[in-house]
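Per-entry structural report
Okay, here's what each chain looks like letter by letter:
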Amino acid sequence: MAMNNAYLEELATAGKALITHIALKDSTGTEVGDARKAVTWGANDGDGDFLMSKDLVFNMKEGDDVASWSGFSALTGGTEYGGAALTPVEFANDGTYTLLAASTGISHNAS
């Protein structure tokens, strides 16, 4: 039995609570940066999509490369729920990487 949009919206709203932290990953899939960052999610856009409530800033070390982000259920360990690829960035020096809230989100939909 296919569920209606109201059901999917309720699942999406409950599901966002599972992802409490965001990590950056390099081109090999290894976490990079100073630590996972706590994340809060904005309101459901009515289509099962949520954007982060604020930008997340990560401290990076010389030699780090950033290739993707991933959501987790905890600061350390926990369950990894997936994420998305990012435009690759390599750090020639120590610096910061800002994961922008306006373009970082999770999607809960039937497709």
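Our subject is the structure listed above.
Residues numbered from 1 in each chain as written. Predicted model: local features only at pLDDT ≥ 70, side-chain atom pairs only at ≥ 80, totals over all residues. Heavy atoms only, no water.

Taken as a whole, this structure holds three salt bridges when the rule is applied. With its nearest N and O atoms 2.7 Å apart, the salt bridge here joins Lys 25 to Glu 80. Residue Lys 25 is found in strand S1 (residues 21-25), and its partner Glu 80 is found in strand S6 (residues 80-90); the two are separated by 55 residues along the sequence. Using a relative accessible area of 12% as the deciding quantity, one classes Lys 25 as buried. (Salt bridge = Lys/Arg side-chain N within 4 Å of Asp/Glu carboxyl O. Helix = DSSP H or I, 4+ residues; strand = E, 2+ residues; numbered from the N terminus. Buried < 20%, exposed > 50% of the residue type's maximum accessible area, 1.4 Å probe, protein only.)

With that settled, consider the packing of aromatic side chains. Enumeration according to the criterion identifies zero aromatic pairs in this entry. Sitting over the face of the ring of Phe 72, Arg 36 holds its NZ or CZ atom 3.5 Å from the ring centroid. (Phe/Tyr/Trp six-rings, centres within 6.5 Å; stacked < 30°, edge-to-face > 60°. Lys NZ or Arg CZ within 6 Å of the ring centre and 35° of its normal.)

The biggest cluster of nonpolar side chains holds 20 residues, and the ones touching the most others in it are Ile 22, Leu 24 and Leu 99. Of all the secondary-structure elements, those providing two or more residues to this core are S1, strand S4 (56-60), strand S5 (65-72) and strand S7 (95-99). If one sorts the elements of this core by residue count, S4 sits on top with three residues. For Ile 22, the contacting residues outside a window of four places in its chain are Arg 36, Lys 37, Val 39, Trp 41, Met 52, Leu 56, Phe 58, Trp 69, Ser 70, Gly 71 and Leu 99. (Core = buried A, V, L, I, M, F, W, Y, C linked by side-chain atoms within 4.5 Å. Contact = heavy atoms within 4.5 Å.)

Right, let's get into the side chain of Asp 65. Mapped onto the elements, Asp 65 comes out in strand S5. There is a polar contact of 2.9 Å between the side chain of Asp 65 and the backbone nitrogen of Ser 27. In this view, Asp 65 contacts Lys 25, Asp 26, Ser 27, Val 32, Val 89 and Glu 90; residues no more than four positions away in its chain are not counted. (Polar contact = N/O pair within 3.5 Å; in protein donor to acceptor, adjacent residues only side chain to side chain.)

What follows is about the environment of Gly 105. Mapped onto the elements, Gly 105 comes out in strand S8 (residues 105-107). Setting aside anything within four residues of it in sequence, one finds Gly 105 in contact with Trp 41, Phe 50, Leu 51 and Trp 69.

Further remarks concern helix H1 (residues 5-15). Considered for burial, the residues of H1 that qualify are Glu 9, Ala 12 and Gly 15. One side of H1 carries all its buried residues, which in axial view fall inside an arc of 130°. Residues Ala 6, Glu 10 and Ala 14 are exposed on H1 and point more than 90 degrees away from its buried face. Contact partners of the buried residues in H1: strand S3 (49-51). (Arc of directions from axis to C-beta.)

A few words on the pairing of S5. Counting buried positions over the eight residues of S5 gives eight, a clear majority of the element. As judged from the five bridges shared by S1 and S5, these two strands associate in the antiparallel manner. Residue pairing for S5: Ile 22 is matched across the bridge by Gly 71. As paired strands, S5 and S6 are joined by seven bridges and run antiparallel to one another. In the strand pairing of S6, Ser 70 is matched with Gly 83. (Pairing = 2+ DSSP bridges.)

That's the geometry; what it means functionally is another story.
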